[in-house]
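# Examining the three-dimensional arrangement
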Amino acid sequence: MHQNVEKILVSEEEIIQRCREMGQKINRDYAQKEPPLLVALLKGSVPFLAELIKHIDLDIEFDFMDVSSYAGTESTGEIKVIKDLDRPIKGAEILIVEDIVDTGRTLKTVRELLLSKGASSVKVITLLDKPDRRVVELEAEYVGFTIPNEFVVGYGLDFNQKYRNLPYIGVLKEECYK
Ligand code: 5GP
């Protein structure tokens, strides 16, 4: 375990197992529909996307969006599109791939944006959910793990761009961000 991590909240094995379960559910849910276009939000969702797609056996495509969300550990509430999708999405069945839903602001905005561009449906899959912190109404269709209100790092999640490479979800020691 990394020296700055206080405890592991979700292990690598648990993440892989849950990705397998969610992948199988996606296979069933989209069996009679157009395969979804997975829209992963940079950068935090990259390790989750990489694991998840191994367990989806539909002819999916994926693309990336980059929207600004956090500075340090507190939500700014400001959302800016830094990188948009590469192609039009009119009529597409979209599945947004996110690392964590916290206040819900980022996803609410992105979901509305994609619907306004003509997507047929916009669903959300998130590795982690912190429902206690929600300030806007937003429910993800697929949730990996519901976690308490603690600042977590690893498996794509950062603190000042570090710790994204940890293969587990961990709670950072308080002295590291005080
Ligand atoms: P929201 O708009 O839901 O408040 O923010 C979502 C984004 O905030 C996530 O994509 C993530 O970048 C960041 N975030 C929220 N909670 C945490 C956390 O516990 N740890 C880390 N590293 N980032 C978080």
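Residues numbered from 1 in each chain as written. Predicted model: local features only at pLDDT ≥ 70, side-chain atom pairs only at ≥ 80, totals over all residues. Heavy atoms only, no water.

### Considerations on the sheet that holds strand β10 (residues 152–153)
Strand order across the open sheet formed by three strands is β1-β11-β10, with antiparallel pairing between neighbours. Single-partner strands in this sheet number two, and they are β1 (5–10) and β10. Across two bridges, β10 lies against strand β11 (residues 169–172) in antiparallel orientation. Each residue of the ladder has a partner; that of Val152, found in β11, is Val171. (Pairing = 2+ DSSP bridges. Helix = DSSP H or I, 4+ residues; strand = E, 2+ residues; numbered from the N terminus.)

### Notes on the packing of aromatic side chains
The full count for this structure, using the stated rule, is four aromatic pairs. Ring geometry for Phe151 against Tyr177: centres 6.0 Å apart, planes inclined by 55°, an arrangement best described as tilted. Pair noted here: Phe151 is in the loop between β9 (142–146) and β10 and Tyr177 is in the segment after β11, with a separation of 26 residues, a long-range link. Phe151 sits in the buried class, given a relative accessible area of 17%. Tyr177 gets classed as partly exposed once you look at its relative accessible area, which sits at 29%. Joined through ring pairs, the aromatic side chains of Phe151, Phe159 and Tyr177 make up one cluster. (Phe/Tyr/Trp six-rings, centres within 6.5 Å; stacked < 30°, edge-to-face > 60°. Buried < 20%, exposed > 50% of the residue type's maximum accessible area, 1.4 Å probe, protein only.)

### Focus: the environment of Asn165
Take Asn165: it is sitting in the loop between β10 and β11. By relative accessible area, which is 66% here, Asn165 ends up exposed. Each C-alpha atom of the pair Asn165 and Ile147 lies 20 Å from the other, and the pair is 18 residues apart in sequence.

### A short note on unusual backbone geometry
A cis geometry characterises the amide bond from Leu42 onward to Lys43, with omega recorded as -10°. Topologically, Lys43 is positioned in the loop between β2 (37–41) and α2 (46–52). Despite not being glycine, Gln161 shows a phi value in the positive range, around 75°. Tracing the sequence through the fold places Gln161 in the loop between β10 and β11. For Gln161, a relative accessible area of 46% gives the class partly exposed.

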